[in-house]
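One-letter residues, chain by chain:
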Amino acid sequence: MTVYGWEDAKGDRNLECDVVIVGTGPGGAAMARVLAEGGKRVILLEEGPHQSRFQKNQANTMRYHMQEGGAMVAFGSAAVGVAAGRGVGGGSLVNSAICWRTKDHVLESWEAVLGGDKRFAPDAMLPVYAELEVPLGIIQTKEAIAGENNKLIVRGARALGLNADLLWRNTPGCVGCGACNYGCPSGGKASVDKNLIPMARAHGAIVQGDTKVERILIENGRARGVVGVVRETESGRAVGSTTVRAEKVILCAGAVGTPRLIQYAGLGDTLGDRVGKGLHLHPGNGIFGLCDTEVRMWTGATQGAYFSDPNLPNVLPHTLTLPPAALLMALGNTGEAAKRDIALAPFIAGCLVMVSDKGSGTVGVTKEGRADLKYWFADEDIVNIKAGLKRTCEVLMAGGCKKLLVPITGAGWTENINDAFAAIEGAAITDYKGLYAAHPMATCRMGTDISNSVIGPNGEAHGLKGLYIADSSIFPTSLGVNPQYTTMAMSTILGRGILADWAA
Ligand SMILES: Cc1cc2nc3c(=O)[nH]c(=O)nc-3n(C[C@H](O)[C@H](O)[C@H](O)COP(=O)(O)OP(=O)(O)OC[C@H]3O[C@@H](n4cnc5c(N)ncnc54)[C@H](O)[C@@H]3O)c2cc1C
Ligand code: SF4
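A. Layout of the overall build of the protein. Scanning the protein for helices and strands turns up 13 helices and 21 strands. Against the 2.2 N^0.38 benchmark of 23 Å for 504 residues, the protein shows a C-alpha radius of gyration of 22 Å, consistent with a compact globule. Seen through its C-alpha atoms, the protein measures out along the principal axes to roughly 70 × 45 × 40 Å. Counting every position in the protein, which comprises 504 residues, the buried fraction comes to 56%. Put simply, 74% of the contacts in the protein that link residues at least 6 apart link residues at least 24 apart.

Here it is, written out as structure tokens:
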């Protein structure tokens, strides 16, 4: 069965089904699988290319497989680059495949927000996580393909008595090429286009790429379908329009894409004041260590290790894996200094320090339909970033690095950890280089009423019957772990609830 693209969808087309799903990332794929297996006629529409355009090349990835050309920045207390994937598979195509289950205390904290509803309580999530583990092929990164950067992080953290290990990832066939953020050239990553989407298609689901949904149809006060503009993959030229009429409309366009679509479609008022509000990011930045033996941070499993410090529960450090071109960009030098960086590059190790944030922001939309992102750090996030960076300096040194480069404007390589600490402590948030976030979330939250949320615990919008949301925008709080696995688990639970309500 084909994934349809712009060549198949030229001109004006009208389709009908039971459920139309917008977006094919972890949320959309999990929902499609459940509903198609439950006998519903499902159509998925996806803005990104219908076929993968993977190349081991940053510019190519940004153009085809990152939303908004990889150029999203949240302005507010500082400038934070925000990344979200694009294509049939969404973020799972270009993510690092890390699979964490959300901690019980976070899931338990949602029960009150959801008016006592227990459908995402730890006991309810556990079997769904276990069920998804099989098609996703989640395994712990093997030592043989881990690579030196990951091993260095584990070695350094354990030497300091911290908890550290190689990570669990949906990469059953990983050969450790370090290119996950460009797509997986070996096919070893089990992104959702390789499991949940084919499972949905095996039960009749239709997938159409190259189609950006811009309007939501409403009839008699209910959502009744969507209209998408079909664009040629290369030129972006509009070549058609696809209208899908359906009993239910499910938005899974991601924590940027869903509020952007709702507002662009003119439904911001209908769905309430909370659309696009409460953006969390898991913001962070990278820190480098220089070794006197080769590390080659671009080899080995992408982001294949983590450590944690019980004194820093909201700090989430993972290996930083950058291909050479991205590493040179992150070092940010030109001329002679860039030549020196090329020579140093094989000896550089990296660690990314993210925080589970209390700060928050907004996703708006420009009149051209682009996301307009704002984000403000909370003071405690800045305290956590500083503490996390300092702990990571110690881990890198304990792992074998001889020099440190902290992500502060004006800082250079130093052998003296106290100099690194001083640079971190003395910096304002605007002095931090390379602030980055790949986990936008919580922008169309779940809750009990329209004053504090956009959807109810069953996924249906408070303000519009027949419209559901099932992606990373629905979390009631910051998650505290990498979000793809929880997005899939929650979408699976919501899908089963929709089927049960339908049958009732
Ligand atoms: C570089 C990177 C690394 C990451 N690493 C990890 C990791 O290791 N582990 C982890 O758990 N998470 C990771 N993440 C985050 C994770 O990928 C996301 O949280 C997850 O993909 C979110 O799923 P989603 O279904 O909410 O949305 P997305 O995956 O963003 O999918 C939304 C889809 O909708 C499409 N879309 C948007 N608007 C429209 C529209 N109007 N019409 C049609 N289609 C539309 C988009 O093109 C996209 O394909 C990473 C993300 C990135 C970018
Ligand atoms: S590290 Fe390479 S082989 Fe392994 S999953 Fe990522 S891209 Fe695929």
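B. Up close: helix 11 (residues 379-399). Taking 1.5 Å as the rise per residue, helix 11 with 21 residues should run 30 Å; its terminal C-alpha atoms sit 30 Å apart, in good agreement. When we look at burial in helix 11, the residues that qualify are Asp381, Asn384, Ile385, Gly388, Leu389, Arg391, Thr392, Cys393, Val395, Leu396 and Gly399. Just downstream of helix 11, Gly400 is the residue with a positive phi angle, here 125°.

C. Region of interest: the site of ligand 1. Lining the immediate environment of ligand 1, one finds 44 residues, of which Gly23, Gly25, Gly90, Gly91 and Gly254 sit closest. Secondary structure elements with two or more residues in the shell around ligand 1: helix 1 (26-37), strand 9 (211-219), helix 7 (254-264) and helix 13 (484-503). Element by element, the count of residues in the shell around ligand 1 is highest for helix 7, at four residues. Within the shell around ligand 1, the residues separate by chemical class into 16 nonpolar, 23 polar and five charged.

D. Structural context of unusual backbone geometry. One non-glycine residue, Asp210, adopts positive backbone phi at about 60°. Here Asp210 shows up in the loop between strand 8 (206-208) and strand 9. With a phi angle near 50°, Arg296 is a residue other than glycine that sits in the positive phi range. Relative to the elements of secondary structure, Arg296 occurs in the loop between strand 13 (284-290) and strand 14 (305-308).

E. Fine view of the domain arrangement of the protein. Here the protein is described as being made up of domain 1 (11-52 + 87-95 + 100-137 + 191-278 + 443-503) and domain 2 (139-181 + 281-437). The centre of domain 1, based on its C-alpha atoms, is set 31 Å off from the matching centre of domain 2. Of all the elements, helix 7 adds the most residues to the side of domain 1 that touches domain 2, at five residues. Considering only residue class, the side of domain 1 that touches domain 2 consists of five nonpolar, eight polar and three charged.

F. Here's a closer look at the pairing of strand 10 (residues 222-231). Examined bridge by bridge, strand 9 and strand 10 share eight bridges and lie antiparallel to one another. Bridge assignment links Lys212 to a residue of strand 10, and that residue is Val229. Once strand 9 ends, the chain turns through two residues before running back antiparallel as strand 10, passing Asn220 with a positive phi of about 50°. Counted along the chain from strand 10 to the antiparallel partner strand 11 (residues 238-251), the turn is six residues long, and its residue Gly236 has a positive phi close to 75°.

G. Local environment of the environment of Leu316. Of note, Leu316 is situated in strand 15 (residues 315-319). Judged by the 24 C-beta atoms lying within 10 Å of it, Leu316 falls in the buried class. Placed 40 residues apart in sequence, Leu316 and Ser356 show a C-alpha to C-alpha distance of 7.3 Å. With residues near it in sequence (within four places) discarded, Leu316 still touches His282, Met354, Val355 and Ser356.

H. Examining the pairing of strand 6 (residues 163-166) more closely. Burial of the side chains of strand 6 is restricted to one face: Ala164 and Leu166 are buried, whereas none of Asn163 and Asp165 on the reverse face is. Examined bridge by bridge, strand 6 and strand 14 share four bridges and lie antiparallel to one another. In the strand pairing of strand 14, Asp165 is matched with Tyr306.

I. The arrangement of the nonpolar core in detail. Judged by nonpolar contacts, the single largest core of 157 residues is most densely connected at Val20, Ile21, Val22, Met31, Ala32 and Val42. Shared between two domains, this core takes at least three residues from each, and those domains are domain 1 (11-52 + 87-95 + 100-137 + 191-278 + 443-503) and domain 2 (139-181 + 281-437). The contact partners of Val20, leaving out residues within four places of it in the chain, are Ile43, Leu45, Gly225, Val226, Val244, Ala246 and Val249.

J. Here's a closer look at the packing of helix 1 against helix 13. Look at helix 1 against helix 13: their axes get within 8 Å of each other, and the N-to-C directions meet at 35°. The way helix 1 lies across helix 13 gives a crossing that is right-handed. Of the residues in helix 13, those touching helix 1 at Pro26, Gly27, Ala30, Met31, Val34 and Leu35 are Gln484, Thr487, Met488, Ser491, Thr492, Leu494, Gly495, Arg496, Ile498 and Leu499. Residue classes in the contact of helix 1 with helix 13 are distributed as nine nonpolar, six polar and one charged.

K. Up close: the packing of helix 5 (residues 148-159) against helix 11. Across the interface, helix 5 lies against helix 11 with an axial gap of 7 Å and an inter-helix angle of 105°. With respect to their mutual orientation, helix 5 and helix 11 come out roughly perpendicular. Along its contact with helix 5, which presents Leu152, Ile153, Arg155, Gly156, Ala157 and Ala159, the element helix 11 presents Val395, Leu396, Ala398 and Gly399. Considered class by class, the residues forming the contact of helix 5 with helix 11 number seven nonpolar, two polar and one charged.

Thresholds, definitions, all that
Residues numbered from 1 in each chain as written. Chains lettered and ligands numbered in written order. Predicted model: local features only at pLDDT ≥ 70, side-chain atom pairs only at ≥ 80, totals over all residues. Helix = DSSP H or I, 4+ residues; strand = E, 2+ residues; numbered from the N terminus. Rg over C-alpha atoms; globule rule 2.2 N^0.38 Å. Buried ≥ 20, exposed ≤ 12 C-beta atoms within 10 Å, placed from the backbone. Contact = placed C-beta atoms within 7 Å. Expected span 1.5 Å × (residues − 1). Near = placed C-beta within 6 Å. Nonpolar A, V, L, I, M, F, W, Y, C, P; charged D, E, K, R; others polar. Domains from an automatic or database assignment. Pairing = 2+ DSSP bridges. Core = buried A, V, L, I, M, F, W, Y, C linked by C-beta atoms within 7 Å. Axes fitted to C-alpha atoms, helices over the stretch in contact; angles between N-to-C directions. Left-handed = near helix turned anticlockwise from the far one by under 90°. Parallel < 35°, antiparallel > 145°, perpendicular 65-115°, else oblique.

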